[in-house]
Amino acid sequence: MKTDLTDTTSSKINKALVLGRRAIGTPAVGMVLTLVIVTDEENAYDALKAANEASREHPSRTLVVIKRVSRTPRDRAQARLDAEVRLGADASTGETVVLRLYGDVVDHAQSVVLPLLLPDAPVVVWWPVNAPTDPAKDPLGALAQRRVTDTYAAEQPILELAARADAYTPGDTDLSWTRITPWRSMLAAALDQVACEVTSAEVAGEEFNPSVELLAMWLADRLKVPVRRSKSTGPGLTSVRMETSTGPIVLDRADGSLATLSIQGQPDRAVALKRRETAELIAEELRRLDPDDTYASALKFGLERLDEEAATTAPVPEPEAEAEAIAPVPAEAPEDAQAAKPAAKKAQAKKAAAK
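Residues numbered from 1 in each chain as written. Predicted model: local features only at pLDDT ≥ 70, side-chain atom pairs only at ≥ 80, totals over all residues. Heavy atoms only, no water.

Trainee: So what exactly am I meant to see when it comes to the nonpolar core here?
Mentor: Nonpolar side chains in soluble globular proteins tend to end up buried together. The biggest cluster of nonpolar side chains holds 37 residues, and the ones touching the most others in it are V203, L215 and L219. Apart from residues lying up to four places away in sequence, V203 is in contact with V212, L215, A216, L219, V227, R228, R229, S230, L237, S239 and V240. (Core = buried A, V, L, I, M, F, W, Y, C linked by side-chain atoms within 4.5 Å. Buried < 20%, exposed > 50% of the residue type's maximum accessible area, 1.4 Å probe, protein only. Contact = heavy atoms within 4.5 Å.)

Next up, the structure:
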(Lines give C-alpha, C1' and ligand atoms only; values in the text may rest on other atoms or scores of the structure.)
Protein backbone atom coordinates (compact mmCIF):
# COMPACT_ATOMS: atom_id res chain seq x y z
CA MET A 1 0.00 0.00 0.00
CA LYS A 2 1.40 3.38 -1.07
CA THR A 3 0.23 6.86 -0.20
CA ASP A 4 1.71 9.96 -1.86
CA LEU A 5 1.63 13.23 0.04
CA THR A 6 2.68 16.47 -1.66
CA ASP A 7 3.60 19.64 0.24
CA THR A 8 2.79 17.93 3.51
CA THR A 9 3.77 18.01 7.19
CA SER A 10 4.97 15.50 9.77
CA SER A 11 1.54 15.37 11.44
CA LYS A 12 -0.14 14.49 8.15
CA ILE A 13 2.43 11.75 7.58
CA ASN A 14 1.71 10.27 11.03
CA LYS A 15 -2.00 10.34 10.26
CA ALA A 16 -1.39 8.54 6.96
CA LEU A 17 0.57 5.84 8.81
CA VAL A 18 -2.27 5.25 11.27
CA LEU A 19 -4.91 5.10 8.52
CA GLY A 20 -2.70 2.82 6.45
CA ARG A 21 -2.23 0.35 9.29
CA ARG A 22 -5.97 0.20 9.85
CA ALA A 23 -6.59 -0.31 6.14
CA ILE A 24 -4.30 -3.34 5.93
CA GLY A 25 -5.58 -4.76 9.24
CA THR A 26 -2.51 -4.23 11.45
CA PRO A 27 -3.36 -1.35 13.80
CA ALA A 28 -0.67 -2.33 16.33
CA VAL A 29 2.90 -1.12 15.94
CA GLY A 30 5.28 -4.09 15.99
CA MET A 31 8.55 -2.35 15.02
CA VAL A 32 11.61 -2.60 17.27
CA LEU A 33 13.57 0.46 16.09
CA THR A 34 13.63 3.44 13.73
CA LEU A 35 16.15 3.37 10.88
CA VAL A 36 16.86 6.77 9.34
CA ILE A 37 18.61 6.67 5.96
CA VAL A 38 20.17 9.94 4.82
CA THR A 39 21.05 9.76 1.14
CA ASP A 40 20.62 11.35 -2.26
CA GLU A 41 18.23 10.47 -5.06
CA GLU A 42 20.84 8.43 -6.92
CA ASN A 43 21.53 6.00 -4.05
CA ALA A 44 18.08 5.98 -2.44
CA TYR A 45 16.79 2.90 -4.30
CA ASP A 46 19.73 0.63 -3.39
CA ALA A 47 19.78 1.81 0.23
CA LEU A 48 16.03 1.30 0.66
CA LYS A 49 16.21 -2.15 -0.93
CA ALA A 50 18.92 -3.19 1.53
CA ALA A 51 16.94 -1.78 4.47
CA ASN A 52 13.80 -3.65 3.42
CA GLU A 53 15.72 -6.93 3.29
CA ALA A 54 17.26 -6.25 6.70
CA SER A 55 13.81 -5.47 8.13
CA ARG A 56 12.86 -9.14 7.82
CA GLU A 57 15.24 -9.75 10.72
CA HIS A 58 14.67 -6.38 12.42
CA PRO A 59 11.13 -5.00 11.82
CA SER A 60 11.58 -1.25 11.81
CA ARG A 61 10.15 2.05 10.67
CA THR A 62 12.45 3.22 7.88
CA LEU A 63 12.66 6.95 7.19
CA VAL A 64 14.50 7.82 3.99
CA VAL A 65 15.62 11.46 4.03
CA ILE A 66 16.44 12.77 0.54
CA LYS A 67 17.67 16.35 0.41
CA ARG A 68 16.84 17.70 -3.03
CA VAL A 69 19.05 20.40 -4.52
CA SER A 70 17.13 23.51 -5.63
CA ARG A 71 18.37 24.96 -8.90
CA THR A 72 17.21 28.57 -8.62
CA PRO A 73 17.14 31.13 -5.77
CA ARG A 74 13.33 31.18 -6.01
CA ASP A 75 13.16 27.39 -5.42
CA ARG A 76 15.62 27.59 -2.54
CA ALA A 77 13.42 30.16 -0.80
CA GLN A 78 10.33 27.91 -0.99
CA ALA A 79 10.34 25.17 1.65
CA ARG A 80 8.43 22.02 0.76
CA LEU A 81 8.12 18.48 2.04
CA ASP A 82 6.89 15.60 -0.11
CA ALA A 83 6.38 12.14 1.33
CA GLU A 84 5.64 8.63 0.15
CA VAL A 85 4.19 6.27 2.78
CA ARG A 86 4.60 2.54 2.14
CA LEU A 87 2.95 -0.18 4.21
CA GLY A 88 2.34 -3.89 3.91
CA ALA A 89 4.01 -5.76 1.06
CA ASP A 90 5.56 -2.55 -0.27
CA ALA A 91 7.52 -2.06 2.97
CA SER A 92 8.52 -5.68 3.74
CA THR A 93 7.83 -6.34 7.46
CA GLY A 94 7.90 -2.73 8.67
CA GLU A 95 6.91 0.76 7.59
CA THR A 96 8.67 2.99 5.09
CA VAL A 97 8.38 6.74 4.65
CA VAL A 98 10.35 8.41 1.87
CA LEU A 99 10.84 12.10 2.65
CA ARG A 100 11.94 14.55 -0.04
CA LEU A 101 13.02 17.93 1.32
CA TYR A 102 13.15 21.11 -0.76
CA GLY A 103 14.32 24.64 -0.03
CA ASP A 104 15.09 25.87 3.48
CA VAL A 105 13.69 22.72 5.11
CA VAL A 106 16.79 20.87 3.87
CA ASP A 107 18.79 22.52 6.67
CA HIS A 108 16.22 21.46 9.29
CA ALA A 109 15.72 17.79 8.49
CA GLN A 110 15.79 16.87 12.19
CA SER A 111 12.57 18.86 12.78
CA VAL A 112 10.84 16.74 10.13
CA VAL A 113 12.22 13.40 11.36
CA LEU A 114 11.76 13.89 15.11
CA PRO A 115 7.90 13.62 15.15
CA LEU A 116 8.10 10.45 13.03
CA LEU A 117 10.38 8.47 15.36
CA LEU A 118 8.87 5.48 17.13
CA PRO A 119 8.35 6.27 20.84
CA ASP A 120 10.61 4.46 23.32
CA ALA A 121 12.53 2.68 20.54
CA PRO A 122 16.21 2.92 19.52
CA VAL A 123 17.16 5.13 16.59
CA VAL A 124 19.83 4.22 14.03
CA VAL A 125 21.02 6.69 11.38
CA TRP A 126 22.77 5.37 8.27
CA TRP A 127 24.59 7.43 5.66
CA PRO A 128 25.22 5.20 2.58
CA VAL A 129 27.15 8.08 0.94
CA ASN A 130 28.29 11.61 1.80
CA ALA A 131 28.48 11.04 5.54
CA PRO A 132 29.34 14.03 7.76
CA THR A 133 32.86 14.27 9.14
CA ASP A 134 31.53 14.04 12.71
CA PRO A 135 28.30 11.97 12.66
CA ALA A 136 27.60 12.55 16.36
CA LYS A 137 27.45 16.33 15.88
CA ASP A 138 25.19 16.12 12.84
CA PRO A 139 21.61 17.23 13.69
CA LEU A 140 20.22 13.87 12.57
CA GLY A 141 23.08 11.89 14.11
CA ALA A 142 22.38 13.55 17.47
CA LEU A 143 18.98 11.81 17.52
CA ALA A 144 20.49 8.31 17.26
CA GLN A 145 22.05 5.78 19.57
CA ARG A 146 23.89 4.21 16.64
CA ARG A 147 25.44 6.01 13.64
CA VAL A 148 26.48 3.96 10.61
CA THR A 149 28.74 5.28 7.85
CA ASP A 150 30.61 3.67 4.95
CA THR A 151 34.11 4.98 4.22
CA TYR A 152 34.35 2.64 1.23
CA ALA A 153 31.86 4.88 -0.59
CA ALA A 154 33.91 8.03 0.09
CA GLU A 155 35.93 9.73 -2.62
CA GLN A 156 39.12 9.36 -0.56
CA PRO A 157 38.50 6.37 1.73
CA ILE A 158 41.82 6.39 3.59
CA LEU A 159 41.63 10.09 4.46
CA GLU A 160 38.01 9.57 5.47
CA LEU A 161 39.09 6.75 7.78
CA ALA A 162 41.60 9.02 9.51
CA ALA A 163 38.89 11.67 9.95
CA ARG A 164 36.59 9.06 11.52
CA ALA A 165 39.29 8.25 14.07
CA ASP A 166 39.70 11.91 15.06
CA ALA A 167 35.94 12.46 15.44
CA TYR A 168 34.99 9.08 16.96
CA THR A 169 32.13 9.09 19.47
CA PRO A 170 30.76 5.96 21.20
CA GLY A 171 27.97 4.67 18.99
CA ASP A 172 29.79 5.34 15.71
CA THR A 173 30.47 2.41 13.39
CA ASP A 174 31.33 1.80 9.75
CA LEU A 175 30.33 -0.83 7.21
CA SER A 176 34.01 -1.20 6.25
CA TRP A 177 34.49 -2.62 9.75
CA THR A 178 31.42 -4.83 9.44
CA ARG A 179 32.80 -6.35 6.22
CA ILE A 180 35.78 -7.88 8.05
CA THR A 181 33.79 -9.62 10.81
CA PRO A 182 34.13 -13.09 9.16
CA TRP A 183 37.87 -12.50 8.68
CA ARG A 184 38.37 -11.57 12.32
CA SER A 185 36.38 -14.61 13.47
CA MET A 186 38.36 -16.96 11.24
CA LEU A 187 41.75 -15.58 12.26
CA ALA A 188 40.88 -15.75 15.96
CA ALA A 189 39.70 -19.36 15.53
CA ALA A 190 42.93 -20.25 13.69
CA LEU A 191 45.08 -18.89 16.53
CA ASP A 192 43.02 -20.87 19.04
CA GLN A 193 44.03 -24.09 17.29
CA VAL A 194 47.78 -23.56 17.65
CA ALA A 195 49.86 -22.82 20.72
CA CYS A 196 52.23 -20.27 19.25
CA GLU A 197 53.52 -16.73 19.41
CA VAL A 198 52.82 -14.38 16.51
CA THR A 199 55.88 -12.35 15.47
CA SER A 200 54.56 -10.39 12.46
CA ALA A 201 51.68 -10.24 9.99
CA GLU A 202 50.82 -9.06 6.50
CA VAL A 203 47.40 -8.05 5.16
CA ALA A 204 46.86 -7.86 1.38
CA GLY A 205 43.93 -6.27 -0.43
CA GLU A 206 42.93 -3.91 -3.18
CA GLU A 207 44.06 -0.31 -3.08
CA PHE A 208 41.85 2.33 -1.43
CA ASN A 209 39.89 -0.29 0.52
CA PRO A 210 39.53 0.88 4.15
CA SER A 211 38.60 -2.64 5.30
CA VAL A 212 42.20 -3.72 4.64
CA GLU A 213 43.56 -0.91 6.83
CA LEU A 214 41.05 -1.66 9.59
CA LEU A 215 41.96 -5.34 9.65
CA ALA A 216 45.66 -4.50 9.73
CA MET A 217 45.15 -2.04 12.58
CA TRP A 218 43.03 -4.59 14.47
CA LEU A 219 45.81 -7.20 14.20
CA ALA A 220 48.49 -4.72 15.23
CA ASP A 221 46.42 -3.47 18.15
CA ARG A 222 45.48 -6.93 19.45
CA LEU A 223 48.67 -8.89 18.77
CA LYS A 224 51.14 -6.06 19.47
CA VAL A 225 53.27 -7.09 16.48
CA PRO A 226 54.41 -5.31 13.29
CA VAL A 227 51.80 -5.56 10.53
CA ARG A 228 52.47 -4.83 6.89
CA ARG A 229 49.74 -3.64 4.50
CA SER A 230 50.36 -4.74 0.89
CA LYS A 231 48.37 -4.16 -2.30
CA SER A 232 46.71 -6.72 -4.53
CA THR A 233 44.30 -6.74 -7.47
CA GLY A 234 41.38 -7.69 -5.20
CA PRO A 235 38.51 -8.15 -5.00
CA GLY A 236 38.46 -6.61 -1.53
CA LEU A 237 40.58 -8.39 1.04
CA THR A 238 42.63 -11.18 -0.51
CA SER A 239 44.93 -12.66 2.14
CA VAL A 240 46.30 -12.47 5.68
CA ARG A 241 49.62 -14.07 6.58
CA MET A 242 50.78 -14.37 10.21
CA GLU A 243 54.31 -15.46 10.99
CA THR A 244 54.38 -17.50 14.19
CA SER A 245 56.92 -19.44 16.23
CA THR A 246 55.54 -22.71 14.84
CA GLY A 247 55.24 -21.63 11.20
CA PRO A 248 53.05 -19.35 9.07
CA ILE A 249 49.26 -19.18 9.27
CA VAL A 250 47.75 -18.04 5.97
CA LEU A 251 44.14 -17.20 5.13
CA ASP A 252 43.92 -16.61 1.39
CA ARG A 253 40.84 -15.63 -0.66
CA ALA A 254 41.66 -15.02 -4.29
CA ASP A 255 38.19 -15.09 -5.85
CA GLY A 256 36.10 -13.19 -3.28
CA SER A 257 34.08 -16.29 -2.39
CA LEU A 258 36.07 -19.30 -1.17
CA ALA A 259 39.13 -18.99 1.06
CA THR A 260 41.89 -21.43 2.01
CA LEU A 261 43.21 -21.67 5.57
CA SER A 262 46.76 -23.01 5.82
CA ILE A 263 48.34 -23.85 9.17
CA GLN A 264 51.81 -25.37 9.51
CA GLY A 265 51.55 -29.10 10.16
CA GLN A 266 47.84 -29.33 9.25
CA PRO A 267 46.07 -29.98 5.93
CA ASP A 268 44.69 -26.98 4.06
CA ARG A 269 41.01 -26.27 4.62
CA ALA A 270 38.47 -24.56 2.37
CA VAL A 271 36.48 -21.83 4.14
CA ALA A 272 33.32 -20.09 2.89
CA LEU A 273 34.24 -16.41 3.02
CA LYS A 274 32.13 -14.69 0.39
CA ARG A 275 31.75 -10.95 0.05
CA ARG A 276 28.46 -9.97 1.67
CA GLU A 277 25.72 -7.72 0.35
CA THR A 278 24.80 -4.41 1.98
CA ALA A 279 21.58 -5.89 3.42
CA GLU A 280 23.59 -8.47 5.40
CA LEU A 281 25.93 -5.78 6.69
CA ILE A 282 23.08 -3.55 7.87
CA ALA A 283 21.32 -6.51 9.50
CA GLU A 284 24.50 -7.30 11.44
CA GLU A 285 24.85 -3.70 12.64
CA LEU A 286 21.23 -3.64 13.83
CA ARG A 287 21.84 -6.69 16.06
CA ARG A 288 23.83 -4.63 18.52
CA LEU A 289 23.11 -1.04 19.48
CA ASP A 290 25.76 -0.58 22.17
CA PRO A 291 29.16 1.06 21.50
CA ASP A 292 31.69 -1.17 19.73
CA ASP A 293 34.83 -0.86 21.85
CA THR A 294 36.83 -3.19 19.60
CA TYR A 295 36.16 -1.00 16.58
CA ALA A 296 37.09 2.10 18.55
CA SER A 297 40.39 0.58 19.68
CA ALA A 298 41.34 -0.55 16.16
CA LEU A 299 40.30 2.76 14.60
CA LYS A 300 42.29 4.81 17.07
CA PHE A 301 45.41 2.68 16.59
CA GLY A 302 46.29 5.06 13.77
CA LEU A 303 47.30 4.66 10.16
CA GLU A 304 50.59 6.43 10.89
CA ARG A 305 51.59 3.86 13.50
CA LEU A 306 50.62 1.10 11.13
CA ASP A 307 52.95 2.54 8.50
CA GLU A 308 55.80 2.75 11.00
CA GLU A 309 55.29 -0.85 12.08
CA ALA A 310 55.13 -1.99 8.46
CA ALA A 311 58.34 -0.18 7.65
CA THR A 312 60.20 -2.14 10.34
CA THR A 313 58.80 -5.41 9.01
CA ALA A 314 59.45 -4.89 5.32
CA PRO A 315 61.99 -2.09 4.78
CA VAL A 316 61.87 -0.55 1.33
CA PRO A 317 65.14 0.76 -0.14
CA GLU A 318 65.28 4.46 -0.86
CA PRO A 319 64.84 5.46 -4.51
CA GLU A 320 68.23 7.24 -4.50
CA ALA A 321 70.00 4.11 -3.29
CA GLU A 322 68.30 2.02 -5.97
CA ALA A 323 69.26 4.54 -8.62
CA GLU A 324 72.90 4.44 -7.52
CA ALA A 325 72.90 0.64 -7.55
CA ILE A 326 71.63 0.34 -11.11
CA ALA A 327 73.05 3.56 -12.61
CA PRO A 328 75.33 2.95 -15.63
CA VAL A 329 78.89 4.30 -15.66
CA PRO A 330 78.80 7.81 -17.12
CA ALA A 331 80.57 8.63 -20.35
CA GLU A 332 82.90 11.05 -18.60
CA ALA A 333 84.39 8.86 -15.87
CA PRO A 334 85.93 10.40 -12.76
CA GLU A 335 89.66 10.91 -12.42
CA ASP A 336 90.21 7.52 -10.72
CA ALA A 337 88.45 5.69 -13.55
CA GLN A 338 90.43 7.64 -16.20
CA ALA A 339 93.65 6.79 -14.39
CA ALA A 340 92.71 3.12 -14.40
CA LYS A 341 92.39 3.01 -18.23
CA PRO A 342 96.11 3.67 -19.02
CA ALA A 343 97.14 1.11 -16.41
CA ALA A 344 94.97 -1.49 -18.13
CA LYS A 345 96.52 -0.65 -21.52
CA LYS A 346 100.06 -0.99 -20.10
CA ALA A 347 99.17 -4.41 -18.68
CA GLN A 348 97.91 -5.55 -22.08
CA ALA A 349 101.12 -4.27 -23.74
CA LYS A 350 103.29 -6.25 -21.27
CA LYS A 351 101.33 -9.43 -22.00
CA ALA A 352 101.84 -8.92 -25.77
CA ALA A 353 105.59 -8.38 -25.28
CA ALA A 354 105.85 -11.55 -23.19
CA LYS A 355 104.23 -13.53 -26.00
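Trainee: How should I be thinking about the layout of surface pockets in this particular structure?
Mentor: If you roll a probe as big as a water molecule over the atoms, it shows you where there is empty space left. The space that makes up the largest pocket amounts to roughly 470 Å³. In terms of lining, the largest pocket is formed by 25 residues, of which the most central are D150, R179, R276, T278 and L281. For the lining of the largest pocket, the elements supplying multiple residues, two or more each, are α2 (41–54), α7 (181–192) and α9 (278–287). Counting residues per element, the lining of the largest pocket draws most heavily on α2, at three residues. Classifying every residue of the lining of the largest pocket by side-chain character gives 13 nonpolar, five polar and seven charged. (1 Å grid on protein atoms, 1.4 Å probe; cavity = no way out; pocket = protein on both sides within 12 Å on 5 of 7 lines; lining within 4 Å. Points joined across faces, edges and corners; volume = space filled by probe spheres on them. Helix = DSSP H or I, 4+ residues; strand = E, 2+ residues; numbered from the N terminus. Nonpolar A, V, L, I, M, F, W, Y, C, P; charged D, E, K, R; others polar.)

Trainee: Could you clarify how one ought to interpret the sheet that holds strand β11 (residues 237–244) in this entry?
Mentor: Across a sheet, paired strands are connected by hydrogen bonds in the backbone, their directions being either parallel or antiparallel. Spatial ordering of the open sheet is given by β10-β9-β11-β12-β13-β14, a layout of six strands whose pairing is mixed. Two strands lie at the open edges of the sheet, namely β10 (227–232) and β14 (269–272), each paired on one side alone. When strand polarity is set aside, the average angle formed by the axes of neighbouring strands in this sheet is 15°. Here seven bridges tie strand β9 (residues 198–206) to β11, and the two strands are oriented antiparallel to one another. When the bridges of β11 are listed, A204 appears paired with S239. Relative to β11, α7 is tilted by about 25°, and along the sheet it contacts β9, β11, β12 (249–252), β13 (258–263) and β14. (Pairing = 2+ DSSP bridges. Axes fitted to C-alpha atoms, helices over the stretch in contact; angles between N-to-C directions.)

Trainee: Explanation requested: empty space enclosed by the protein in the structure shown.
Mentor: This structure, assessed with the given rule, holds one cavity of 30 Å³ or more. Put simply, the largest cavity is a space of about 50 Å³. Taken together, P135, R147, T149, R164, Y168, D172, T173, Y295 and L299 form the lining of the largest cavity. Of all the secondary-structure elements, those providing two or more residues to the lining of the largest cavity are β7 (146–149), β8 (172–174) and α10 (293–299). When grouped by side-chain class, the residues that make up the lining of the largest cavity number four nonpolar, two polar and three charged.

Trainee: When you look at the packing of aromatic side chains in this model, what are you seeing that I'm missing?
Mentor: One pair of aromatic rings is described through two measures. These are the centre distance and the angle between the planes. Summed over the entire model, instances satisfying the criterion amount to two aromatic pairs. Centroid distance W177 to Y295: 5.5 Å. Interplanar angle 55°. Geometry classified as tilted. Pair noted here: W177 is in helix α6 (residues 175–178) and Y295 is in helix α10, with a separation of 118 residues, a long-range link. Residue class for Y295 comes out buried when judged on its relative accessible area of 2%. The ring of Y102 is capped by R80, whose NZ or CZ atom sits 4.1 Å from the centre of that ring. For the cation-ring pair, R184 lies above W218, with the distance from its terminal atom to the ring centre recorded as 5.8 Å. (Phe/Tyr/Trp six-rings, centres within 6.5 Å; stacked < 30°, edge-to-face > 60°. Lys NZ or Arg CZ within 6 Å of the ring centre and 35° of its normal.)

Trainee: Would you mind going over α7 with me for this structure?
Mentor: The α-helix advances 3.6 residues per turn, and as a result positions three or four apart in sequence lie on the same side. Given a rise of 1.5 Å per residue, twelve residues ought to cover 16 Å, and the 17 Å separating the end C-alpha atoms of α7 matches this to within 8%. Among all positions of α7, only T181, W183, R184, L187 and A190 are buried. (Expected span 1.5 Å × (residues − 1).)

Trainee: Would you mind going over the pattern of salt bridges with me for this structure?
Mentor: Where side chains of opposite charge bring their charged atoms close, a pairing between them can arise. Counted by the stated rule, this structure contains 19 salt bridges. Ionic pairing is found between R61 and E95, a salt bridge with its closest N-O pair at 2.9 Å. On the criterion of sequence distance, the pair formed by R61 in strand β3 (residues 60–67) and E95 in strand β5 (residues 95–102) is long-range, its members being 34 residues apart. Note on R61: relative accessible area 5%, which makes it buried. Residue classification places E95 among the buried residues on the basis of a relative accessible area of 3%. One salt bridge connects R276 with E284, and the closest N-O pair in it is separated by 2.7 Å. (Salt bridge = Lys/Arg side-chain N within 4 Å of Asp/Glu carboxyl O.)

Trainee: Quick question: what am I supposed to make of the pairing of strand β4 (residues 80–86) here?
Mentor: Across a regular strand the side chains alternate sides, sitting on one face of the sheet and then on the other. Of all seven residues that make up β4, six are buried, and the element is covered over most of its length. Sheet topology note: the strand β1 (residues 2–5)/β4 ladder contains four bridges and is antiparallel. Within the sheet, the bridge partner assigned to D4 lies in β4 and is E84. Across seven bridges, the pairing between β4 and β5 is antiparallel. Note on β5: the bridge partner recorded for L81 is L101.

Trainee: Honestly, helix α1 (residues 10–24) in this entry has me stumped. Any pointers?
Mentor: Along its 15 residues, α1 runs 21 Å from first to last C-alpha, staying within 8% of the 21 Å computed at 1.5 Å per residue. For α1, every residue scored as buried is listed here: S10, I13, A16, L17, G20 and R21. Angularly, the buried residues of α1 cover 135° about the axis, an arc narrow enough to put them on a single face. Facing away from the buried surface of α1 by more than 90 degrees, the exposed residues are S11, K15, R22 and A23. Lining the buried residues of α1 we find β1, β3, β4, β5 and α4 (109–113). Phi turns positive, to about 85°, at G25, one or two residues after α1. (Arc of directions from axis to C-beta.)

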